[in-house]
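# Chain and residue survey
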Amino acid sequence: MKVSALEIPITRTNQSRLPEVDFNNLPFGSVFSDHMFLADYYDGAWQDARVVPYGPLSLEPAAKVFHYGQEVFEGMKAYKDKEGQVWLFRPLENQRRLNKSASRLMIPELPEAIFMEGLKTLLRTDSDWIPTVAGSSLYIRPFLFASGNGFHASPSDRYTFVIATAPSGAYFAGEVHVRIEEKYSRAANGGVGYAKAGGNYAGQFYPTQLAKEAGFQQVIWTDDNTHEYIEEAGAMNIFVRIGDTLLTSPTSDRILDGITRKSILELAEAEGIPTEVRKISVSEIVEASKKGQLKEMFGAGTAAVVSPISGYGYRDERFDLPEVADSYATFFKKRITDIQYNRSEDPFGWRYPVS
Ligand SMILES: *Cc1c(COP(=O)(O)O)cnc(C)c1O
């Protein structure tokens, strides 16, 4: 489909909620902008791309998404620089990943033009919703789901694509202590762990709640087979610093191929930070802790960019991480956000202007 061939009609709200928003006290992801982008799949094609006022969707109780969880999503952000120019960060990576997730869930792939033109049209329509207060951004949630009806467990013949946005303050989790999980698993070989499929996150809530009751904020997922190797930090990719070496687990069936993770690895390489992408065993981490060589652990993902971990629990032991002066977490967060907000050069070509 030619990009220019895509006509996207815009129906504007006649009652903007913008005056009610306190941009100096924005929560994360719970105030929604005036408009949303929609497209539908039926008769074998994606069609009816449109921007409409944000509001309830009309679905029948038999809509398959309610019964079989045929749904995938993305998470991204738009940033406004000092001149008022709007930027995205590696948006084509999100577009490709959405389709990779969709294929696994038997959802028809969405053409790149609908994703990109829909997103840009929505951002232009709601450009006043993109915050300028330091650390804040417009969180973007594209998602695809089965909107066709039927109680039989089979793929739908109808799907809906939505992009909704939420002006959001800086994501701040407070001190994060994590529990290394040995009973529950987030994902399994041959499963859907690499897809951003809604059910993966529903499945995390219960074990995460148990960890909270035990005094932790988050779970470190280990491999489902042996529980000997760490895989992800909640819904973020995991990084560990032992000595001055940066370690992260290789992506697989079970691990989400994060864009933040990928960006950190590219920055580390450019910076000459010794990096190893390999399986990381829990015993290696505990041993490094005991020898004083475990300097940092952090999660990486779009919402927080980098989320430092203050300590971890494994079986009956608890370990605290030291305060480090030359923190990798701080370094990567600054490098990435400087690029995102157009405060620095962009040697990798990651910034994408929305005009
Ligand atoms: C979204 C997500 C990430 C991070 O991906 P980004 O592209 O960096 O936002 C990591 N792990 C899981 C399980 C995720 O859902």
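Our subject is the structure that appears above.
All values derive from a computational prediction rather than experimental measurement. (Residues numbered from 1 in each chain as written. Predicted model: local features only at pLDDT ≥ 70, side-chain atom pairs only at ≥ 80, totals over all residues. Heavy atoms only, no water.)

### Quick word on the site of the ligand
Selection criterion: Proximity is defined per residue: if any heavy atom of the residue lies within 4 Å of a molecule or strand, that residue is considered near it. We call two N or O atoms a polar contact when they sit within 3.5 Å, provided that within protein one can donate a hydrogen and the other can accept it, with sequence-adjacent residues counted only if both atoms are side-chain atoms. A 1.4 Å probe that fits but cannot get out identifies a cavity on a 1 Å grid over protein atoms alone, an open set with protein on both sides within 12 Å along at least five of seven lines counts as a pocket, and a residue lines either if it has an atom within 4 Å of a point. Pocket or cavity membership: a molecule qualifies when more than half of its atoms sit within 2 Å of the grid points of that site. Secondary structure elements follow DSSP: runs of H or I of four or more residues count as helices, runs of E of two or more count as strands, with numbering from the N terminus. Any residue outside Ala, Val, Leu, Ile, Met, Phe, Trp, Tyr, Cys, Pro, Asp, Glu, Lys and Arg is labelled polar, Gly included; the first ten of those are nonpolar and the last four are charged.
Around the ligand, a shell composed of 15 residues is seen, among which Lys196, Tyr201, Glu232, Thr260 and Thr302 lie nearest. Here an oxygen atom of the ligand and a side-chain polar atom of arginine 97 are 2.8 Å apart. For the ligand, an oxygen atom lies 2.6 Å from a polar atom in the side chain of threonine 260. Assessed atom by atom at 2 Å from the grid points, the ligand resides in the largest pocket. If you list the elements that add at least two residues to the shell around the ligand, you get strand 11 (236–242), helix 5 (259–271) and strand 15 (294–301). Among the residues forming the shell around the ligand, the class breakdown is six nonpolar, five polar and four charged.

### Looking at the layout of surface pockets
Empty space among the atoms can be located by rolling a probe the size of a water molecule over them. The following threshold applies: Grid points are joined across faces, edges and corners, and a volume is the space filled by probe spheres set on the points. An automatic or database domain assignment supplies the start and end points of every domain.
For the largest pocket, the calculated volume is near 990 Å³. Along its surface, the largest pocket is lined by 36 residues, and Tyr171, Tyr201, Ala235, Met236 and Ala303 are the ones closest to its centre. At the level of secondary structure, the elements contributing two or more residues to the lining of the largest pocket comprise strand 3 (71–73), strand 6 (137–146), helix 4 (198–213), strand 11, helix 5 and strand 15. Per-element accounting of the lining of the largest pocket gives the leading share, six residues, to helix 4. Grouping the constituent residues of the lining of the largest pocket by class yields 15 nonpolar, 13 polar and eight charged. Counting only domains with at least three residues in the lining of the largest pocket, you end up with domain 1 (5–168) and domain 2 (177–340). Roughly 540 Å³ of internal volume is contained in the second largest pocket. Lining of the second largest pocket is provided by 25 residues; of these, Ser307, Pro308, Ile309, Ser310 and Ala329 occupy positions nearest its centre. The set of elements that each furnish at least two residues to the lining of the second largest pocket consists of strand 15, strand 16 (305–308) and helix 7 (328–340).

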